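# Geometric and topological summary
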Amino acid sequence: MRYILTEGQFDAPAESAVVDGLSAHLGVELPKDYADFLKEHNGGEGFVQDNYIIFFKAEELADFNREYEVEKYAPGILLFASSGGGEGYGFDTEDPAMPIVRVPFIGMNRQSAETIARDLADLFSRLAE
């Protein structure tokens, strides 16, 4: 899958060893398409049409989730990106399909998480609409 930003740029690939160790470090198996994405683009930011998105680096995933206290306020969500404003994008790890949800940073809770995409390719497609 080729992911495209209409403006901005992706970062250089993450080291395979770092990506391969993430699941054990985070305590959740990452979706294959996302692990592959990190091995090609270790974060980055820019626009997909009119929608801004910041992808966290593999090395920053645990820190961002801890700093945002995701496990306390929205357990079962693993944030991997931000809108650059008031929302985060994450995987719903309590659903075996691990769909992507959008959740507000202020007032963050599981009830406010909205499923917006099946996978990373679907997220890019929806952001491009």
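### Structural notes on the nonpolar core
Nonpolar side chains tend to gather and get buried jointly when the protein is soluble and globular. Core analysis: the biggest nonpolar cluster contains 39 residues, and Y34, I53, F55, F80, L120, L123 and F124 have the highest contact counts within it. The element contributing the most residues to this core is strand β4 (residues 77–82), with 5 residues.

### Looking at helix α5 (residues 120–127)
In an α-helix, one full turn covers 3.6 residues, which means residues spaced three or four apart are oriented alike. Of the residues making up α5, those classed as buried are L120, D122, L123, F124 and L127. You can read the cap of α5 off the contacts: a side-chain oxygen lies 3.3 Å from the backbone nitrogen of A121, and it is on D119.

### A few points about the packing of helix α1 (residues 16–26) against helix α2 (residues 32–40)
The geometry of α1 relative to α2 is characterised by a closest axis approach of 9 Å and an angle of 155 degrees between their N-to-C directions. The orientation of α1 with respect to α2, classified from their angle, is roughly antiparallel. The two elements α1 and α2 meet at a crossing, and its hand is right-handed. Along its contact with α1, which presents S16, V19, D20 and L22, the element α2 presents A35, L38 and K39. Counted by class, the contact of α1 with α2 contains 4 nonpolar, 1 polar and 2 charged residues.

### Notes on unusual backbone geometry
Even without being glycine, Q49 reaches a positive phi, approximately 55 degrees. Residue placement: Q49 occurs in the loop between β2 (44–48) and β3 (51–55). Residue classification places Q49 among the partly exposed positions, given a relative accessible area of 41%. If you check the backbone angles, M98 has positive phi at about 50 degrees while not being a glycine. With respect to the secondary-structure elements, M98 resides in the loop between β5 (87–92) and β6 (100–104).

Thresholds, definitions, all that
- Residues numbered from 1 in each chain as written.
- Predicted model: local features only at pLDDT ≥ 70, side-chain atom pairs only at ≥ 80, totals over all residues.
- Heavy atoms only, no water.
- Core = buried A, V, L, I, M, F, W, Y, C linked by side-chain atoms within 4.5 Å.
- Buried < 20%, exposed > 50% of the residue type's maximum accessible area, 1.4 Å probe, protein only.
- Helix = DSSP H or I, 4+ residues; strand = E, 2+ residues; numbered from the N terminus.
- Polar contact = N/O pair within 3.5 Å; in protein donor to acceptor, adjacent residues only side chain to side chain.
- Axes fitted to C-alpha atoms, helices over the stretch in contact; angles between N-to-C directions.
- Parallel < 35°, antiparallel > 145°, perpendicular 65-115°, else oblique.
- Left-handed = near helix turned anticlockwise from the far one by under 90°.
- Contact = heavy atoms within 4.5 Å.
- Nonpolar A, V, L, I, M, F, W, Y, C, P; charged D, E, K, R; others polar.

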